[in-house]
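Survey of secondary and tertiary structure
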Amino acid sequence: MSDFLDLKLARRFATWDRDGNGFLEEADFVKGADRLGEAFGHAEDSPQRRRMRDLCLDLWQQMARIADFDRNGRITPEEYGRAFTELVLAQPGAFDAAYTPVIDALTAMADHDGDGKLDRQEYRAWFVSAFGLSEHDADTAFDKVDTDDDGHVTRGEMVAAIHDYYFSDDPEVAGNWLLGPPPQS
Ligand SMILES: [Ca+2]
Ligand SMILES: [Ca+2]
Ligand SMILES: [Ca+2]
């Protein structure tokens, strides 16, 4: 694994770890869903909030199934790296199988007006609330990920960017800006 990818995985881990305790646990995913729900102004007991929470709990269970190797209810950075190396990098096609449903679910959650794509506001709300990006970094990423410059990030553009985040060592590609300016390796 390249140092650049190592740094990117560490950054991705940190964005999942919403309470910053160094492990991924169910609580991080509940918190992620609640922050996004708040950002969109959904009331605590609204159906939208419940749906976001259910989606994030699903996501947590999927991740725990593949990455919580010792089954203790938390994923360490080592387990996260191991799952990525063994299950995603080693097998062609594994990325699509593992990530496409997740990307679909998250994109649908962030698509506030339900038109099937993300405008700048939706994209910003998602990345600021769920991943802790600054508005500036979220906007910079939006401009890059929207590769056809039509003012919307589609599901296809999102999948391509996330694929590049994990598979491209080129700091210039859009995907490497998803979680802020690319790390210096
Ligand atoms: Ca945590
Ligand atoms: Ca939308
Ligand atoms: Ca676009």
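This structure is a prediction, so every number in the text was calculated from the model and none was measured.

The rules behind each value
- Residues numbered from 1 in each chain as written.
- Chains lettered and ligands numbered in written order.
- Predicted model: local features only at pLDDT ≥ 70, side-chain atom pairs only at ≥ 80, totals over all residues.
- Heavy atoms only, no water.
- Axes fitted to C-alpha atoms, helices over the stretch in contact; angles between N-to-C directions.
- Helix = DSSP H or I, 4+ residues; strand = E, 2+ residues; numbered from the N terminus.
- Parallel < 35°, antiparallel > 145°, perpendicular 65-115°, else oblique.
- Left-handed = near helix turned anticlockwise from the far one by under 90°.
- Contact = heavy atoms within 4.5 Å.
- Nonpolar A, V, L, I, M, F, W, Y, C, P; charged D, E, K, R; others polar.
- pLDDT = per-residue confidence, 0-100.
- Donors = N, O, S within 2.8 Å, 3.2 Å for Na, K, Ca; no water.
- Tetrahedral: all angles 85-135°; square planar, octahedral: opposite > 155°, others 65-115°.

Below, the discussion takes up the packing of helix 6 (residues 120-131) against helix 7 (residues 135-145). Across the interface, helix 6 lies against helix 7 with an axial gap of 9 Å and an inter-helix angle of 130°. Looking at the two axes, helix 6 sits oblique to helix 7. Where helix 6 crosses over helix 7, the handedness of that crossing is right-handed. Contact with helix 6, carried on its side by Arg120, Tyr123, Arg124, Phe127 and Val128, involves Glu135, Ala138, Asp139, Ala141, Phe142, Asp143 and Val145 of helix 7 and no other residues of that element. Taken together, the residues that form the contact of helix 6 with helix 7 break down as seven nonpolar, no polar and five charged.

On to the confidence of the model for the protein chain. When the pLDDT values of the protein chain are averaged, the result is 91; 99% of them are 70 or greater. Helix 7 holds the highest mean pLDDT among the elements of the protein chain, 98, whereas helix 5 (residues 94-110) holds the lowest, 83.

Attention now moves to the coordination of the calcium ion (ligand 1). Under perfect tetrahedral coordination by four donors, a metal shows angles of 109.5 degrees; under perfect octahedral coordination by six donors, it shows angles of 90 or 180 degrees. Binding of the calcium ion (ligand 1) to the protein goes through Asp17 (OD), Asp19 (OD), Asn21 (OD1), Phe23 (O), Asp28 (OD) and Asp28 (OD), at separations of 2.2 to 2.7 Å. Coordination geometry of the calcium ion (ligand 1): the six donor atoms subtend angles of 51 to 158° at the metal centre, consistent with an arrangement described as irregular. Between consecutive donor residues of the calcium ion (ligand 1), the sequence gaps follow D-x1-D-x1-N-x1-F-x4-D.

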